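Chain by chain, the residues:
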Amino acid sequence: MENNLPQNKKALFWLSGGHFINDIYTGVLNPIMPFIAAKIGISMAVAAVVLTISHIFSSLMQPLFGYFADNIAKRSFIFWGLILSSIFIPLSALTNNIFILILFIALGSIGSSLFHPQALGLASNFSKGLDCGKYISIFLAMGSIGYSLGPIVSSAITQFLGMNKMPLMTVIGIIWACLMFKFVPKMSANIKISEKIDFKLAFKRILTNHKLNILNIIAMLKTMVTSSCFILLPFLWKNIGYKPFYIGMALFMFIFAGAIGSLTSSWLEKRIGAANVFYISMITTLPLMLMFVLTYKHYSILSLVIFVIMGYITMMATPVTMLLAQNVLPEYKSIISGFINGFSWGVVAVIMSLLGFIAENFGITNVLIFVAIIPAILALPLVKELKLN
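K.L.:
Any chance you could break down the packing of helix 1 (residues 5-26) against helix 6 (residues 98-126) for me, citing the residues and the numbers?
P.N.:
At a minimum axis distance of 10 Å, the contact between helix 1 and helix 6 shows a crossing angle of 155°. Accordingly, the angle class assigned to the pair helix 1 and helix 6 is roughly antiparallel. Regarding helix 1 and helix 6, the two cross each other, and that crossing is left-handed. Contact residues: helix 1 offers N8, A11, L12, L15, G18, H19, N22, D23 and T26, while helix 6 offers G111, S112, F115, H116, A119, L122, A123 and F126. For the contact of helix 1 with helix 6, the class distribution of residues is eight nonpolar, eight polar and one charged.

And the structure:
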């Protein structure tokens with residue numbers, strides 16, 4: 001693969017574009033869920049459980065799909081994953097029945113779970129011979145940018161065209177899946193799978209590796225902050241009278257800032273070291289969250305600026321986390337990406353179902369402060385355990 005660098009760069013372009021488009025669909029439901037909930041007649045706590053189901057299917061299954069991706073010499077998962085996401089996530093906005101809503105969300109989320117581990121494993125392989133940190137950062141940032149655009153696209157459609165027009169979003173996903181099929185080189189021509197990976201051995205080695213466990217915990221703590229913001233804040237903003245498009249714009253700016261954080265991650269790591277990137281990302285979130293809670297009612301513009309800065313800070317360590325994890329056991333790149341990029345989201349999603357009920361009874365802002373306190377407290381002991389310096 002190192003001898004065919006131009007082709008590898010083209011493959012990385014199409015994979016990064018696929019990540020961008022796939023993650024648009026993963027971000028569309030959050031800003032409009034309060035309005036879907038009102039249409040169907042469910043509470044915030046139940047809506048949080050529905051969004052939890054989305055994260056469970058899109059995240060917890062990623063290590064399993066990563067295992068299969070590491071064992072096959074075909075690109076099937078990236079195509080079918082994007083197709084499922086692009087069809088069923090937009091359709092879910094049309095339903096008037098909670099059970100059909102859950103079914104469509106589950107099917108669309110499985111698509112995302114199929115796409116991510118294989119796409120990230122391929123991106124890692126195609127970046128060999130290039131600046132791996134740079135291209136993985138670009139790949140991850142494209143997903144973050146797509147995730148940031150999802151809310152603004154869905155909220156704009158909802159407010160200006162009507163929620164029934166959401167299936168218009170399907171077209172771009174189908175088109176890009178076909179383009180990837182044509183332009184991403186076949187794995188058999190680039191990647192030789194020399195030895196079949198043993199399922200039990202792979203998961204045992206990953207789950208018993210101390211460094212990987214620490215990195216997974218860090219990923220979960222940071223994911224809890226972003227998930228809490230994405231799931232709970234739309235309800236907070238709706239309750240104080242904000243329209244869908246404002247909510248979508250706020251979430252867009254938060255995740256877009258996170259994408260910029262991902263892009264600058266490699267640059268920052270080279271200058272201040274991975275440990276300091278983790279410290280800044282985990283500790284600074286707490287004072288930012290406190291400032292947001294104190295300003296959101298009476299100083300909306302200031303609170304939005306603080307919220308956007310929090311997005312940048314929270315997500316800037318994501319590529320560093322991924323590269324450190326993949327370098328621990330490089331033979332399991334897709335599986336490990338499934339754990340860091342997926343399993344952590346799934347575990348947090350299960351916790352979020354509980355936090356939704358707590359927020360309904362004790363207040364959304366109290367929950368947001370709580371989830372920001374935990375990584376700030378644990379940053380020093382966790383990063384020290386990684387022995388990065």
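Continuing now.
K.L.:
Quick rundown of the side chain of S85? Include the residues and the values.
P.N.:
Mapped onto the secondary structure, S85 falls in helix 5 (residues 76-92). A distance of 3.1 Å separates polar atoms of two side chains, one belonging to S85 and the other to N22. Those residues in contact with S85, other than ones at most four positions away along the chain, are N22, Y25, P90, G108, G111 and S112.

K.L.:
Please provide a residue-by-residue account of empty space enclosed by the protein, values included.
P.N.:
Scanning the entire structure with this criterion turns up two cavities of 30 Å³ or more. Y25, T26, L29, N30, L51, S54, H55 and I89 together form the lining of the second largest cavity. Looking at the lining of the second largest cavity, the elements with two or more residues in it are helix 1, helix 2 (29-40) and helix 3 (44-60). Counting residues per element, the lining of the second largest cavity draws most heavily on helix 3, at three residues. Among the residues forming the lining of the second largest cavity, the class breakdown is four nonpolar, four polar and no charged.

What counts and how
Residues numbered from 1 in each chain as written. Predicted model: local features only at pLDDT ≥ 70, side-chain atom pairs only at ≥ 80, totals over all residues. Heavy atoms only, no water. Axes fitted to C-alpha atoms, helices over the stretch in contact; angles between N-to-C directions. Helix = DSSP H or I, 4+ residues; strand = E, 2+ residues; numbered from the N terminus. Parallel < 35°, antiparallel > 145°, perpendicular 65-115°, else oblique. Left-handed = near helix turned anticlockwise from the far one by under 90°. Contact = heavy atoms within 4.5 Å. Nonpolar A, V, L, I, M, F, W, Y, C, P; charged D, E, K, R; others polar. Polar contact = N/O pair within 3.5 Å; in protein donor to acceptor, adjacent residues only side chain to side chain. 1 Å grid on protein atoms, 1.4 Å probe; cavity = no way out; pocket = protein on both sides within 12 Å on 5 of 7 lines; lining within 4 Å. Points joined across faces, edges and corners; volume = space filled by probe spheres on them.

Read these as spatial facts, not as claims about activity.
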